[in-house]
Amino acid sequence: MSETDPQAPQSFPPPTDTTRDPVLAGQTGQGGLFAPVQWGLGRLAWIGRLTRRQARFLLIMLGASWGVIFESFRAHSWRRTVRYEFVSTMNNIIRGGLVATMFAGVLTGLAAVSQVIYWLGLTGLATMTGSILINIVVREIAPILVGVLLLGRNGMLSTTELGLLSIGGEIRSMQAVGIDPFLLLVLPRTLAFTVAGFTLGILFSFASLVTGYVMSRMSGVINNPVWVFLDDVAAAMSGTDYVIIPLKFITVGFVVGLGGCLTGLTATSEDSLRTLLPRGFSRGMLIVMVVSVLFSLDL
Amino acid sequence: MDVYASGPLLELNKAVPSFDESGLPPVPFSMKLMPGDCMVIEARDIGHATMFADLCCGLVPLDDGSVRFMGLDWADLGDRELNALRGRIGRVTHRASWPEFVPVHLAIVLQQLHHTTRPIDVLVHDAARLAESFGLPGLPTQNPSFLPEEDLVRAGCVRAFLGRPHLLLLEDPLESGPAELSNSFLAAITEARDRGAGVIWLVRNNAVWQEYRQGITATWRLADDGLVAVRMG
């Protein structure tokens, strides 16, 4: 019987995951009465595997967050190698990202702030300008954009570096001589991201507000001096804002740094840059959005 | 370095490595390494040699038995103690061990910077002296990818011998290194043994260690049924 014989009965593989494994496929063929039960168990196992895989990174993140916070308060953790890694990473992030962040702040000022001021002036709600700017630009837009910049510029770099170290075996070599990669790489980098998130977030907010003021002043919508404008903005901030806004910048930096490092560190020998980078980016974006939404909830 | 003289420096007592984690045969491994000893272990498989060195460092989980270093069982120690103890081991390994984003001179002194409080000037001075003895013109400051393979082997030796480690696990650098490395390598081993360090020299080729035949205290072969003693006739 040739393969092209039109009379030949066609046999379709059973619709289970075992179809790719001839041994398992042979076993399912003998199922008889138990076939539906086995199929159901197979489905359940698949759901369980999927759930565990999705929850795994979240659990790793939670555990590692606690680890970073706990270790950062122990003087013994701050060895000179850890201090060196912290300072060099922080310099890289802040110096390297300063221009990009300020530029993004200026663009946000041009696009968002000038529009807000213009439309509020047009509707006679100019007194709400400060409040709107704080709630929209500084509280909502700034953390997301700063988080995306951190992720793109440095978070992906950490993912790549640590991923290549994990895949190549250098991480194992470090462990063999007593160098804990969590202490040497994850702790200082995460804290450097945290400090940088706050610093760049404040600079971004300042740049966007000043640019918005300049644009509105030039278009004649407002005539107040800049300090009056900034005073309006400051007056519009509630006591909670003074806590929430810095906390949001800090948290975004923390989770972007930690997520990037952990994605790299949990890479396996089956991973490559083709799998690692998309995973790191999607996780990072998701983390930034989740943090932003969590802080925006009025609980 | 304080000389450890309270018994075997490294002791494998019927240690059965986890096959899933290491790929080593799951049979009992037993041996003792005293301070000042130099033991040659022939392992044809490079991967097995690396895993055996990992077993000595307490990195491989055991199904049974124990591995003790300086009288301490790896399995009884917490993370901090484990890492502190591993800081006393110098290794030359065939596994990738040069992070690409760290310049070689930093990678050489990294272990000492991490585990000790010795001033960096002293460390750099010692590293430069060792680098010259292994045939390098000084401490290489480039990134690893810009360094020839032979110089990386020399740098690996500098890193292993820096800081006067108590135990040296040397996956034969002579095999992939330049021929003129042999004398300085053997001299460094002798110097380390004289101050009380134990040396495990993992070789693939039997001919490599013949030059140092008189100095070897024991020879073993890493086989499918564990460590087999080899006669040095």
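### Things to note about the overall build of chain B
When its secondary structure is counted, chain B shows eight helices and ten strands. Out of the 233 residues in chain B, the part that is buried amounts to 43%. Counted over contacts in chain B with a minimum sequence separation of 6, partners at least 24 positions apart contribute 73%.

### Quick look at the overall build of chain A
Each helix and strand counted, chain A has nine helices and zero strands in total. When burial is assessed residue by residue, chain A has 35% of its 299 residues classed as buried. Excluding contacts between residues fewer than 6 apart, the proportion of contacts in chain A whose partners are at least 24 apart in sequence is 86%.

### A word on the sheet that holds strand E10 (residues 226–229) of chain B
Adjacent strands of a sheet form backbone hydrogen bonds with each other and so pair up, either parallel or antiparallel. All names here are of chain B. In space, the six strands of this open sheet follow the order E6-E7-E8-E3-E9-E10, with mixed pairing throughout. Both edges of this open sheet fall to strand E6 (89–92) and E10, since each of them pairs with a single strand only. For this sheet, the mean inter-axis angle between neighbouring strands, taken without regard to orientation, is 20 degrees. Here five bridges tie strand E3 (residues 38–42) to strand E8 (residues 198–203), and the two strands are oriented parallel to one another. Residue pairing across strands places Met39 opposite Ile200, the latter belonging to E8. Relative to E6, helix H6 (residues 149–161) is tilted by about 170 degrees, and along the sheet it contacts E6 and strand E7 (167–171).

### Things to note about the sheet that holds strand E2 (residues 29–33) of chain B
All names here are of chain B. Read from one edge to the other, the open sheet built from four strands follows the order E2-E1-E4-E5, with strand pairing classed as antiparallel. The open sheet is flanked by E2 and strand E5 (72–73), the only strands paired with a single partner. Here strand E4 (residues 62–69) runs beside E5; their pairing, made up of two bridges, is antiparallel. Within E5, the position partnered with Phe69 by the bridge is Leu72.

### Some thoughts on unusual backbone geometry
All names here are of chain B. Residue Met70 is not a glycine yet carries a positive backbone phi of 55 degrees. With respect to the helices and strands, Met70 occurs in the loop between E4 and E5. The phi torsion at Arg164 lies on the positive side, around 50 degrees, for a residue other than glycine. Residue Arg164 is classed as partly exposed on the basis of its C-beta count, with 16 C-beta atoms lying within 10 Å.

### Digging into the confidence of the model for chain B
When pLDDT is averaged along chain B, the result is 91, and 97% of the positions lie at 70 or above. With pTM at 0.85, the complex prediction returns an ipTM value of 0.91.

### Side note on the interface of chain B and chain A
At the junction of the two partners, chain B supplies 23 residues and chain A supplies 18 residues. Listed by contribution, the elements that provide at least two residues to the side of chain B that touches chain A are helix H3 (79–86), E6 and helix H4 (104–115) of chain B. Class assignment for the residues of the side of chain B that touches chain A results in ten nonpolar, seven polar and six charged.

### Structural notes on the pairing of E6 of chain B
Taken residue by residue, a regular strand's side chains alternate between the two faces of the sheet. Residue and element names in this part refer to chain B. Burial along E6 is two-sided: Ile89 and Arg91 facing one way and Gly90 and Val92 facing the other are all buried. As defined by bridge partners, E6 adjoins E7 across four bridges and the pair is classed as parallel. Bridging from a neighbouring strand, Ile89 pairs with Leu167 of E7.

### Regarding the nonpolar core
In terms of nonpolar packing, the biggest core is built from 124 residues, with Phe52, Val158, Ile200 and Leu202 of chain B touching the most fellow members. It is helix H4 (residues 129–168) of chain A that contributes the most residues to this core, 16 residues altogether. Beyond its immediate chain neighbours, meaning those up to four positions away, Leu202 of chain B contacts Ile41, Ala43, Ala49, Phe52, Ala53, Leu170, Glu171 and Asp172 of chain B.

### As for the packing of H4 of chain B against helix H5 (residues 120–133) of chain B
Residues and elements named next belong to chain B. It is at 10 Å that the axes of H4 and H5 come closest, and there the two elements cross at 140 degrees. By the angle class used here, H4 and H5 are oblique. Pair H4 / H5 crosses with right-handed handedness. On H5, the residues that touch Ile108, Val109, Gln112 and Leu113 of H4 are Ile120, Leu123, Val124 and Ala127.

Reading the values: rules and limits
Residues numbered from 1 in each chain as written. Chains lettered and ligands numbered in written order. Predicted model: local features only at pLDDT ≥ 70, side-chain atom pairs only at ≥ 80, totals over all residues. Helix = DSSP H or I, 4+ residues; strand = E, 2+ residues; numbered from the N terminus. Buried ≥ 20, exposed ≤ 12 C-beta atoms within 10 Å, placed from the backbone. Contact = placed C-beta atoms within 7 Å. Pairing = 2+ DSSP bridges. Axes fitted to C-alpha atoms, helices over the stretch in contact; angles between N-to-C directions. pLDDT = per-residue confidence, 0-100. Nonpolar A, V, L, I, M, F, W, Y, C, P; charged D, E, K, R; others polar. Core = buried A, V, L, I, M, F, W, Y, C linked by C-beta atoms within 7 Å. Parallel < 35°, antiparallel > 145°, perpendicular 65-115°, else oblique. Left-handed = near helix turned anticlockwise from the far one by under 90°.

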